[in-house]
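An overview of the molecular structure
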Amino acid sequence: MLGANDIERGLTAAWRLATRDPGGLALLDTSTAGFWRSFQVAVLVFPVYALVIASRLSETDSTADWETVLLAEAIAYVIYWTAMPVLMEPITLWLDRGHAYVQFVVAMNWANAIQLALFALVTVLGLIGLPRGLVAFAGLIVTIWVLAYQWFVARTALGLTGPRAAGIVAIDVMLGLLVNSMTRHIEG
């Protein structure tokens with residue numbers, strides 16, 4: 001279970017990486033236990049994810065019942081947290097970076113907390129009634145920043161060149177679009 005010290009250390013590491021400080025990697029627990037504990041970040045940030053999803057669903061015309069929507073979103077959430085690490089194992093071996101696989105997954109899991117917090121902030125901006133255009137612009141800025149953040153984490157944690165790190169981010173984006181498309185299809 002994640003303790004207060006684990007959370008503080010993981011979030012500090014993620015924040016340092018967000019500020020382009022590669023020293024954040026040194027704060028991560030990259031032991032086998034730390035690897036598995038980093039997936040508990042998904043439980044930690046689930047309420048924030050639920051807020052973002054609830055806000056989005058309140059603005060859509062889904063024809064599915066709430067049980068179907070909840071099931072689809074729960075499945076999507078699990079896939080978001082597990083598919084990329086599964087895909088990355090053979091990719092890191094192919095890139096001759098298998099030694100950095102655990103560090104990359106742990107870093108990305110903690111980075112997801114920062115990313116989700118930013119998307120939640122954009123959601124809150126919409127909930128408090130800011131103009132839709134301003135909220136959409138804030139969402140675009142956050143999306144661009146998150147892509148740059150993911151690129152920095154991939155480049156730093158895996159020791160990749162910029163273009164290869166961009167390829168990792170592209171794989172993550174494509175995976176996210178696929179999961180999102182399947183979820184929207186289920187929700188009608």
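Residues numbered from 1 in each chain as written. Predicted model: local features only at pLDDT ≥ 70, side-chain atom pairs only at ≥ 80, totals over all residues. Heavy atoms only, no water.

Moving on: the overall build of the protein chain. Helix and strand counts for the protein chain come out as 8 helices and 0 strands. Starting at the N terminus and ending at the C terminus, the protein chain contains elements arranged as α-α-α-α-α-α-α-α. Relative to the 2.2 N^0.38 estimate, which gives 16 Å for 188 residues, the radius of gyration of the protein chain is 17 Å and therefore close to what a compact globule would have. Its C-alpha atoms put the protein chain at 45 × 35 × 30 Å along the principal axes. The buried share among the 188 residues of the protein chain stands at 39%. Residue pairs in contact within the protein chain that sit at least 24 positions apart in sequence constitute 75% of those at least 6 positions apart. (Helix = DSSP H or I, 4+ residues; strand = E, 2+ residues; numbered from the N terminus. Rg over C-alpha atoms; globule rule 2.2 N^0.38 Å. Buried < 20%, exposed > 50% of the residue type's maximum accessible area, 1.4 Å probe, protein only. Contact = heavy atoms within 4.5 Å.)

Before going further, it helps to spend a moment on the environment of Ile 168. Residue position: Ile 168 is located in helix H8 (residues 162–187). Take Ile 168: its relative accessible area is 4%, and that puts it in the buried class. On a C-alpha basis, the gap between Ile 168 and Ile 91 in space is 8.9 Å, while along the polypeptide they are 77 residues apart. Non-local contacts of Ile 168, meaning those with residues more than four positions away in its chain, are made with Met 84, Met 88, Ile 91, Leu 95, Phe 104, Ala 154, Leu 158 and Leu 160.

Tallying each qualifying case throughout the model produces 1 cavity of 30 Å³ or more. Size it by volume and the largest cavity reaches roughly 130 Å³. Surrounding the largest cavity, Leu 2, Asp 6, Arg 9, Gly 10, Leu 27, Leu 28, Asp 29, Gly 34, Arg 37, Ser 38, Val 106 and Trp 110 form its lining. Contributing elements (two or more residues each) for the lining of the largest cavity: helix H1 (4–18), helix H2 (32–38) and helix H6 (101–127). Of the residues that constitute the lining of the largest cavity, the class distribution is 5 nonpolar, 3 polar and 4 charged. (1 Å grid on protein atoms, 1.4 Å probe; cavity = no way out; pocket = protein on both sides within 12 Å on 5 of 7 lines; lining within 4 Å. Points joined across faces, edges and corners; volume = space filled by probe spheres on them. Nonpolar A, V, L, I, M, F, W, Y, C, P; charged D, E, K, R; others polar.)

So, on to the nonpolar core. Counting 47 residues, the largest nonpolar core has Met 88, Phe 104, Tyr 149 and Ile 168 as its most contacted members. Elements supplying a minimum of two residues to this core: H1, helix H3 (41–44), helix H4 (46–58), helix H5 (66–94), H6, helix H7 (132–158) and H8. Residue contributions to this core peak at 11 residues, all from H6. The next biggest cluster of nonpolar side chains, apart from the first, holds 5 residues, and it includes Val 122, Val 135, Val 142 and Val 146. (Core = buried A, V, L, I, M, F, W, Y, C linked by side-chain atoms within 4.5 Å.)

Let us now look at the packing of H5 against H8. One can describe the packing of H5 onto H8 by two numbers: an axis separation of 10 Å at closest approach and a directional angle of 155°. In this view, H5 runs roughly antiparallel relative to H8, as classed from their interaxial angle. For the crossing formed where H5 meets H8, the hand is right-handed. Where H5 approaches H8, its residues Thr 68, Val 69, Ala 72, Glu 73, Ala 76, Ile 79, Tyr 80, Ala 83, Met 84, Leu 87, Met 88 and Ile 91 are matched on the opposing element by Ile 168, Ile 171, Asp 172, Leu 175, Gly 176, Val 179, Asn 180, Thr 183, Arg 184, Ile 186 and Glu 187. For the contact of H5 with H8, a count of residues per class yields 15 nonpolar, 4 polar and 4 charged. (Axes fitted to C-alpha atoms, helices over the stretch in contact; angles between N-to-C directions. Parallel < 35°, antiparallel > 145°, perpendicular 65-115°, else oblique. Left-handed = near helix turned anticlockwise from the far one by under 90°.)

It is worth spelling out a nonpolar patch on the surface at this point. A surface patch of nonpolar side chains, amounting to about 510 Å² of accessible area, comprises Leu 51, Val 124, Leu 127, Ile 128, Leu 130 and Leu 134. Mapped onto the elements, Leu 127 comes out in helix H6. (Patch = residues over 30% accessible without salt bridge, like charges linked within 9 Å, V, L, I, M, F, W, Y side chains within 5 Å. Areas by Shrake-Rupley, 256 points an atom, 1.4 Å probe, with all protein chains shown as cover. Salt bridge = Lys/Arg side-chain N within 4 Å of Asp/Glu carboxyl O.)

Over its 15 residues, H1 extends 21 Å from the first C-alpha to the last, a length consistent with the 21 Å expected when each residue adds 1.5 Å. When H1 is considered as a whole, its buried residues turn out to be Gly 10, Ala 13, Ala 14, Leu 17 and Ala 18. All buried residues of H1 lie within an arc of 140° about the axis, which places them on one face of the element. In H1, the exposed positions that point more than 90 degrees away from the buried face belong to Ala 4, Asn 5, Glu 8 and Trp 15. Among the structural elements, H6 and H7 are those in contact with the buried residues of H1. Positive backbone phi, at 65°, marks Arg 20, one or two positions downstream of H1. (Expected span 1.5 Å × (residues − 1). Arc of directions from axis to C-beta.)

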